[in-house]
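# Coordinate inspection notes
Residues per chain, in single letters:
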Amino acid sequence: MNDNASAERAIFELVRLERFARDQGDWPRLVDSYWQDATITVTWFKDGPADFAEESRKLYERGGRGKHTIDPIWARINGGRGLVESAGQILIRMPIAGI
C-alpha cells in the first residue's frame, strides 16, 4: 500500500475517533484530535480545540447528547498536512408529545 493510502486511512480513523470522543464526553481526547492552533468551524461554533471541547462539554451537561455518524470519503495529503471531507449525520432522541 502506498504512503498516501496509509495516511488517508489514519486521517479517516482520526475523524471517526474525534466524533466518538465528543459523543462520549471524552474531552481530553477530543482536544488531542486537533492541532493546538486549529480552528473548528461547525454550525454553532468557530474557535480552537480547547474552547470547542469546553462548549461541547457545556452542551453535553445540558443534555445535548446526539450521536454522530461520520463517513470520511475524500482526503488530500500534501507533505505533512492533510485535508478530509466527510458525510455525516447527527442522531438525536427527542420527546414527542411528552413521550
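## Here we look at a nonpolar patch on the surface
Taken together, the side chains of Ile73, Trp74 and Leu83 present a nonpolar region at the surface, about 310 Å² in accessible area. Structurally, Trp74 is set in strand β3 (residues 67-78). Taking relative accessible area as the criterion, Trp74 reaches 35% and is therefore assigned partly exposed.

## A look at unusual backbone geometry
Its identity as a non-glycine residue notwithstanding, Ala97 has a phi of 55°, on the positive side. Mapped onto the secondary structure, Ala97 falls in the segment after β4 (81-91).

## With respect to helix α3 (residues 49-61)
An α-helical turn contains 3.6 residues, so any two residues separated by three or four positions project in the same direction. Over its 13 residues, α3 runs 18 Å from end to end, which matches the ideal 18 Å to within 8%, given 1.5 Å per residue. Buried-residue contacts for α3 involve α1 (3-24), α2 (27-32), β1 (40-42) and β2 (45-47). Of the residues flanking the end of α3, it is Gly63, one or two places downstream, whose phi is positive at about 105°.

## Observations concerning the side chain of Arg22
Within the secondary structure, Arg22 sits in helix α1. One buried charged residue, Arg22, remains without a salt bridge, the closest side chain of opposite sign being Asp23 at 4.5 Å. Ignoring any residue separated from it by four or fewer positions in sequence, one finds Arg22 in contact with Trp27, Leu30, Trp44, Phe52, Ser56, Leu59, Tyr60 and His68.

## With respect to the pairing of β3
In the sheet, β3 pairs with β4 via 11 bridges, with the strands oriented antiparallel. Within β4, the position partnered with Asp71 by the bridge is Ala87. Hairpin connection of β3 to β4: 2 residues between the antiparallel strands, including Gly79 at a positive phi of 65°.

## Comments concerning the packing of aromatic side chains
Summed over the entire model, instances satisfying the criterion amount to 5 aromatic pairs. Plain terms: the ring middles of Trp27 and Tyr60 are 5.5 Å apart, the flat faces sit at 85° to each other, and that makes the pair edge-to-face. Linking Trp27 in helix α2 with Tyr60 in helix α3, this pair joins segments that are 33 residues apart in sequence. Trp27 gets classed as buried once you look at its relative accessible area, which sits at 16%. Connected via pairs of aromatic rings, a cluster forms that spans Tyr34, Trp44, Phe45 and Phe52.

Thresholds, definitions, all that
Residues numbered from 1 in each chain as written. Predicted model: local features only at pLDDT ≥ 70, side-chain atom pairs only at ≥ 80, totals over all residues. Heavy atoms only, no water. Patch = residues over 30% accessible without salt bridge, like charges linked within 9 Å, V, L, I, M, F, W, Y side chains within 5 Å. Areas by Shrake-Rupley, 256 points an atom, 1.4 Å probe, with all protein chains shown as cover. Salt bridge = Lys/Arg side-chain N within 4 Å of Asp/Glu carboxyl O. Helix = DSSP H or I, 4+ residues; strand = E, 2+ residues; numbered from the N terminus. Buried < 20%, exposed > 50% of the residue type's maximum accessible area, 1.4 Å probe, protein only. Expected span 1.5 Å × (residues − 1). Contact = heavy atoms within 4.5 Å. Lys, Arg positive; Asp, Glu negative; His and termini not counted. Pairing = 2+ DSSP bridges. Phe/Tyr/Trp six-rings, centres within 6.5 Å; stacked < 30°, edge-to-face > 60°.

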